[in-house]
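The primary structure of each chain is shown beneath.
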Amino acid sequence: MSAAVRYADVEVGTELPEQVFPVTRADLVRYAGASGDFNVIHWNERVATEVGLPGVIAHGMLTAGLAARAVTAWAGDPGALAEYSVRFSRPVVVPDDGVGAEVVVRGRVAALQEDQRVRVDLTVTSGGEKVLSLARAVVVLS
């Protein structure tokens, strides 16, 4: 965990450090086991393409979780996350090539709120495409 960011040290426009998260097929297997979501589109290429997907895709909640992790790492405390919302706009396609995909998370402080709360707007992409829309977090800083 990084050092906590202080409310007094941020302003509207403060950029969060970019975070890049690799996602492999092995990660999908681990996430499926942890979440109980064994939907075939997360591990079987044939089924994924038969239902119109470009290939095996990451679990949406895994993608959302990675974006939340970028915020809590910046805040220095996973308990600082007070509100969080996203919309899924595109799937993260995870090729079976030993490399997988990358989820890139960028953030910017969009508003300073009462009670030392800060709203962070996120841009989350994979393969150059936005995969989460309206991604926002509210964190409570010290």
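A brief structural summary. (Residues numbered from 1 in each chain as written. Predicted model: local features only at pLDDT ≥ 70, side-chain atom pairs only at ≥ 80, totals over all residues. Heavy atoms only, no water.)

**Observations regarding the overall build of the protein chain**
To keep things clear, this is the line we draw: Comment: elements are numbered from the N terminus, with helices defined as DSSP H or I runs of at least four residues and strands as E runs of at least two. Burial classes follow relative accessibility: with a 1.4 Å probe on protein chains only, a residue under 20% of its type's maximum area counts as buried, one over 50% as exposed, and anything between as partly exposed. By definition in these notes, contact holds between two residues if any of their heavy atoms fall within 4.5 Å. Surface exposure here means Shrake-Rupley accessible area, sampled with a 1.4 Å probe, where a residue is shielded only by the protein chains that are shown. Note that His is not counted, nor are the chain ends; the positive residues are Lys and Arg, and the negative ones are Asp and Glu. By convention, charge coordinates are those of NZ in Lys, CZ in Arg, CG in Asp, or CD in Glu.
Each helix and strand counted, the protein chain has three helices and five strands in total. Projecting the C-alpha coordinates of the protein chain onto the three principal axes gives extents of approximately 50 × 25 × 25 Å. When each of the 142 residues of the protein chain is scored for burial, the buried share is 39%. Sequence-distant contacts in the protein chain: of pairs separated by 6 or more residues, those separated by 24 or more amount to 67%. Working note: accessible area of the protein chain is about 7700 Å², and carbon and sulfur atoms make up 51% of it. When the 13 basic and 17 acidic side-chain charges of the protein chain are each reduced to a single mean position, those positions are 3 Å apart.

**Side note on the side chain of Ser-126**
Which entries qualify depends on this criterion: Counting of polar contacts relies on pairs of N or O atoms within 3.5 Å, with two restrictions inside protein: one atom must be capable of donating a hydrogen and the other of accepting it, and residues adjacent in sequence are counted only when both atoms are side-chain atoms.
Mapped onto the fold, Ser-126 is located in strand 4 (residues 117-126). Accessibility expressed as a relative area gives 11% for Ser-126, which makes it buried. Within the structure, the side chain of Ser-126 is placed 2.8 Å from the backbone oxygen of Glu-102, a separation counted as a polar contact. Sequence-distant contacts of Ser-126, that is, excluding residues within four places in its chain, are made with Val-92, Ala-101, Glu-102 and Val-131.

**Considerations on the pattern of salt bridges**
Which entries qualify depends on this criterion: Here a salt bridge means any side-chain nitrogen of Lys or Arg lying within 4 Å of a carboxyl oxygen belonging to Asp or Glu.
Scanning all chains against the criterion turns up eight salt bridges. The partner of Asp-9 in a salt bridge is Arg-6, and the shortest N-O contact between them spans 3.2 Å. Assessed through its relative accessible area of 54%, Asp-9 is described here as exposed. A salt bridge links Arg-25 to Glu-45, with the nearest nitrogen and oxygen atoms 2.5 Å apart. Of this pair, Arg-25 sits in helix 1 (residues 25-35) while Glu-45 sits in helix 2 (residues 45-50), placing them 20 residues apart in sequence. Glu-45 sits in the partly exposed class, given a relative accessible area of 35%.

**Digging into helix 3 (residues 60-75)**
The condition that has to hold: For a helix, the expected span equals 1.5 Å multiplied by the number of residues minus one.
Relative to the 22 Å expected for 16 residues at 1.5 Å per residue, helix 3 spans 23 Å between its end C-alpha atoms, a close match to the ideal helical length. What helix 3 keeps buried is the set Leu-62, Thr-63, Ala-64, Leu-66, Ala-67, Ala-68, Ala-70, Val-71, Thr-72, Trp-74 and Ala-75. As for helix 3, its buried residues are in contact with strand 1 (15-23), helix 1, strand 2 (81-88), strand 3 (101-112), strand 4 and strand 5 (129-140). After helix 3 finishes, the residue Gly-76 shows a positive phi value of roughly 85°.

**With respect to the environment of Val-139**
Here Val-139 shows up in strand 5. Each C-alpha atom, one on Val-139 and one on Glu-83, is 7.0 Å from the other, the two residues being 56 residues apart in sequence. Other than its neighbours up to four places away in sequence, Val-139 contacts Val-71, Trp-74, Ala-80, Leu-81, Ala-82, Gln-116, Arg-117 and Val-118.

**Quick word on the nonpolar core**
Keep this limit in mind: Side-chain atoms within 4.5 Å are what join buried Ala, Val, Leu, Ile, Met, Phe, Trp, Tyr and Cys residues into a set we call a nonpolar core.
Formed by 32 residues in total, the largest nonpolar core has its most connected members in Val-23, Trp-74, Val-103, Val-105, Leu-122, Val-124 and Leu-141. For this core, the secondary structure elements donating two or more residues are strand 1, helix 3, strand 3, strand 4 and strand 5. Broken down by element, this core gets its largest block of residues, seven residues, from helix 3. Ignoring any residue separated from it by four or fewer positions in sequence, one finds Val-105 in contact with Pro-17, Glu-18, Gln-19, Phe-21, Leu-66, Ala-67, Ala-70, Leu-122, Thr-123 and Val-124.

**Examining the sheet that holds strand 1**
Operational definition: At least two bridges found by DSSP between two strands is the condition for calling them paired. Each axis is a line fitted through C-alpha atoms, taken for helices only over the stretch in contact, and angles between the N-to-C directions span 0 to 180 degrees.
Pairing within the open sheet is antiparallel, and its five strands lie in the order 1-3-4-5-2. Strand pairing shows two members of the sheet lacking a second neighbour, strand 1 and strand 2, which therefore form its edges. Strand-to-strand twist across the sheet, computed as the mean angle between neighbouring axes with direction ignored, equals 20°. Bridge analysis of strand 2 against strand 5 gives six bridges, and the strand direction is antiparallel. Across the sheet, Ser-85 pairs through a bridge with Arg-136, a residue of strand 5.

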